Amino acid sequence: MKLHELTIEQACGLLNNKEISSVELTRAVLARIEAVDGKIDAYLTVDADGALVQAQAADHRLSTGEATPLTGIPLGIKDLMCTRGLRTTCASKILEDFVPPYDATVITRLKNAGAVIVGKLNMDEFAMGSTTEHSAFQVTRNPWHLDRIPGGSSGGSAAAVAADMCLGALGSDTGGSIRQPASHCGVVGIKPTYGRVSRFGLVAFASSLDQIGPLGKTVADTAIMLEAIAGHDPNDSTSVPEPVPNFSAISGDGLADVVVGIPKTYSSARGLDPQVGAAVERAVKTIESLGARCIDISLPHSDHAVAAYYVIAPCEASSNLARYDGVKYGFRDKAPTDLLQMYRRTRSQGFGSEVQRRIILGTYALSAGYYDAYYGKASQIRTLIKNDFQNAFASCDVIVSPVAPTPAYPIGETIDDPLTMYLSDIFTLSANLAGIPGISVPCGFSDDGLPIGLQIMGRHFNEAMLFKVARQFERAIAIKHKKPPL
Ligand code: GLN
């Protein structure tokens with residue numbers, strides 16, 4: 001097997017047995033990026049020199065026996081987590097040359113674990129989008145089919161993992177941005193419970209929904225990464241002081257003690273591709289064959305998730321993005337005649353159209369006289385959705401559903417049709433609104449060879465249950481060794 005094709009678990013074994021070095025592994029990953037990223041365009045910044053210095057340090061650490069499961073492992077980072085001294089653009093012109101003076105907490109934790117940070121990955125600008133086409137710099141392509149979207153907004157992260165251009169990656173998920181690209185690229189991605197992972201140093205989109213999580217080649221790899229980045233952080237008052245379980249040790253035999261809830265409405269959801277529906281049905285049968293008991297559940301308000309999310313997220317975005325005014329940092333219009341014109345021109349030129357649309361929508365919805373009708377109403381729906389999950393979890397341990405209604409669609413298909421793009425988030429938004437964890441795990445392929453993912457959601461802070469079900473499902477279907485034809 002080629003070094004860049006290793007999983008984190010495999011690489012960790014070889015590194016600790018001194019069969020390979022981190023420098024060799026990192027060189028192999030850098031060579032892979034050199035060889036295939038011209039076709040995929042997943043990376044915005046590759047830090048080859050920095051990565052090799054980190055790899056040398058990791059090799060030293062490995063020789064002392066002080067290693068962690070991530071020591072010496074090359075990882076990629078979605079370009080909205082601050083990396084000290086390494087450009088962090090959010091795929092936006094307004095932050096094109098921004099070099100953060102500090103590391104996000106997740107980056108500090110990865111560095112403390114000895115991971116090697118290879119570079120920064122493309123995304124939809126400020127994480128707004130589901131296709132990675134809304135990047136100011138480049139369109140990332142799906143490694144399984146270069147004319148298709150990789151999903152988004154963490155499309156660079158998912159494509160890089162799928163194409164073996166890193167062993168694992170971090171993404172962020174506000175409404176599905178880890179799970180949906182993972183599903184489209186045939187990798188595993190988990191959105192942890194809101195509060196599980198610190199958001200300190202994550203550039204904010206919608207602060208009450210944003211959560212960082214890992215994307216990996218296997219369930220076990222995502223468990224290893226989550227274990228390293230999770231846990232309370234005094235720098236983020238919304239991070240929760242819950243103990244972090246030993247996720248990577250979770251396995252077990254069979255699912256005899258697990259009750260799986262199947263939402264009655266999902267199979268009739270508007271726009272559900274029959275091939276996705278069939279793949280999810282087969283997945284449910286597989287989970288049943290592992291001993292789980294499946295029951296019907298109802299989530300009566302989930303139909304309203306898209307409407308509620310597309311009020312709440314733009315409202316929070318309009319407030320968070322007010323800081324990009326050309327004064328403090330980032331891009332500034334060259335020759336304004338006065339201050340107001342400087343603001344106006346800086347923001348018109350610095351933000352792309354999708355980001356501007358969200359800012360305008362959010363500002364409108366929050367303005368005097370409209371607040372109760374929009375933000376207030378959306379917040380009430382959010383509570384109802386949260387209560388639905390609470391009721392459902394009284395009778396089941398996990399809930400399964402599709403991740404995206406269709407396999408990855410052609411690049412350009414929704415570029416002028418934001419509403420269709422928003423509607424495709426139907427299965428992922430509810431978990432963010434409720435704050436619960438959700439994982440996407442590959443469950444099959446469409447007729448034209450595009451990956452399809454299964455979503456498994458669980459109770460607050462019960463990621464362990466998601467890993468248990470996902471790991472055994474992954475083992476049972478064993479499609480993980482299929483590789484995109486690059
Ligand atoms: N697709 C959703 C949006 O455009 C979710 C994005 C995300 O999770 N960052 O807002």
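As shown above, the structure is provided for reference.
Summarised in this report is the structure supplied together with it. (Residues numbered from 1 in each chain as written. Predicted model: local features only at pLDDT ≥ 70, side-chain atom pairs only at ≥ 80, totals over all residues. Heavy atoms only, no water.)

## Topic: empty space enclosed by the protein
- Counted according to the given criterion, the structure contains one cavity of 30 Å³ or more.
- Of the pockets and cavities examined, the largest cavity occupies roughly 100 Å³.
- Considering only residue class, the lining of the largest cavity consists of five nonpolar, nine polar and two charged. (1 Å grid on protein atoms, 1.4 Å probe; cavity = no way out; pocket = protein on both sides within 12 Å on 5 of 7 lines; lining within 4 Å. Points joined across faces, edges and corners; volume = space filled by probe spheres on them. Nonpolar A, V, L, I, M, F, W, Y, C, P; charged D, E, K, R; others polar.)

## Quick word on the nonpolar core
- Formed by 151 residues in total, the largest nonpolar core has its most connected members in M81, F126, L454 and I456.
- For this core, the element with the most residues is helix α9 (residues 305-320), which contributes 10 residues.
- With residues near it in sequence (within four places) discarded, L454 still touches V280, A283, I287, V400, S401, V403, I439, S440, V441, C443 and F473. (Core = buried A, V, L, I, M, F, W, Y, C linked by side-chain atoms within 4.5 Å. Buried < 20%, exposed > 50% of the residue type's maximum accessible area, 1.4 Å probe, protein only. Helix = DSSP H or I, 4+ residues; strand = E, 2+ residues; numbered from the N terminus. Contact = heavy atoms within 4.5 Å.)

## Observations concerning the pattern of salt bridges
- Evaluation of the coordinates by the stated rule reveals 15 salt bridges.
- Here D164 makes a salt bridge to K483, at a shortest N to O gap of 2.9 Å. Taken as a pair, D164 in the loop between α5 (155-162) and β4 (168-172) and K483 in the segment after α15 (463-477) lie far apart in primary sequence, 319 residues in all.
- Residue D333 pairs with R345 through a salt bridge whose shortest N-O separation is 3.5 Å. Within this pair, whereas D333 is found in the loop between α9 and α10 (339-350), its partner R345 is found in helix α10, the two being separated by 12 residues in sequence. (Salt bridge = Lys/Arg side-chain N within 4 Å of Asp/Glu carboxyl O.)

## Quick look at the site of the ligand
- Around the ligand there are 15 residues in total, and T174, G175, S177, Y309 and R358 lie nearest to it.
- In the environment of the ligand, an oxygen atom lies 2.7 Å from a nitrogen or oxygen atom belonging to the side chain of Y309.
- One nitrogen or oxygen atom from the side chain of D425 is found 2.9 Å from a nitrogen atom belonging to the ligand.
- According to the grid-proximity analysis, the pocket containing the ligand is the largest cavity.
- Across the shell around the ligand, the residue classes tally to five nonpolar, seven polar and three charged. (Near = heavy atom within 4 Å. Polar contact = N/O pair within 3.5 Å; in protein donor to acceptor, adjacent residues only side chain to side chain. Sits in = over half its atoms within 2 Å of the grid points.)

## What about the sheet that holds strand β1 (residues 43-46)?
- Reading across the sheet, the 11 strands line up as β1-β3-β2-β4-β6-β5-β10-β11-β9-β7-β8 and stay open at both edges, with mixed pairing between neighbours. Across the chains shown, the open sheet's two edge strands, defined by having one partner strand only, are β1 and β8 (293-297). Taken pair by pair, the neighbouring strands of this sheet meet at an average axis angle of 30°, ignoring direction.
- The pairing of strand β2 (residues 74-78) with strand β3 (residues 116-121) spans five bridges and is parallel. Considered in β3, the bridge of L75 is made with I117.
- Contacts from α5 reach β1, β2, β3, β4 and β6 (212-216) within the one sheet, and its direction differs from that of β4 by about 165°. (Pairing = 2+ DSSP bridges. Axes fitted to C-alpha atoms, helices over the stretch in contact; angles between N-to-C directions.)

## Topic: the packing of aromatic side chains
- Per the counting criterion, the structure on display carries 15 aromatic pairs.
- Plain terms: the ring middles of Y102 and F200 are 5.4 Å apart, the flat faces sit at 40° to each other, and that makes the pair tilted. Of this pair, Y102 sits in the loop between β2 and α4 (105-113) while F200 is found in the loop between β5 (188-191) and β6, placing the two residues 98 residues apart along the sequence.
- With centroids separated by 5.2 Å and ring planes inclined at 55°, the aromatic side chains of F247 and F467 adopt a geometry described as tilted. Of this pair, F247 sits in the loop between α7 (219-229) and β7 (259-263) while F467 sits in helix α15, and the two are 220 residues apart along the sequence. For the pair shown, F247 and F467 are each scored as buried. (Phe/Tyr/Trp six-rings, centres within 6.5 Å; stacked < 30°, edge-to-face > 60°.)

## Some thoughts on α15
- With 15 residues, α15 extends 21 Å from end C-alpha to end C-alpha; this agrees with the ideal 21 Å at 1.5 Å per step.
- Burial runs high along α15: 11 of the 15 residues are buried.
- For α15, the full list of buried residues reads E463, M465, L466, F467, K468, V469, A470, R471, Q472, F473 and E474.
- A478, located one to two residues past α15, shows a positive phi value of around 50°. (Expected span 1.5 Å × (residues − 1).)

Spatial relationships are all this shows, so hold off on functional conclusions.
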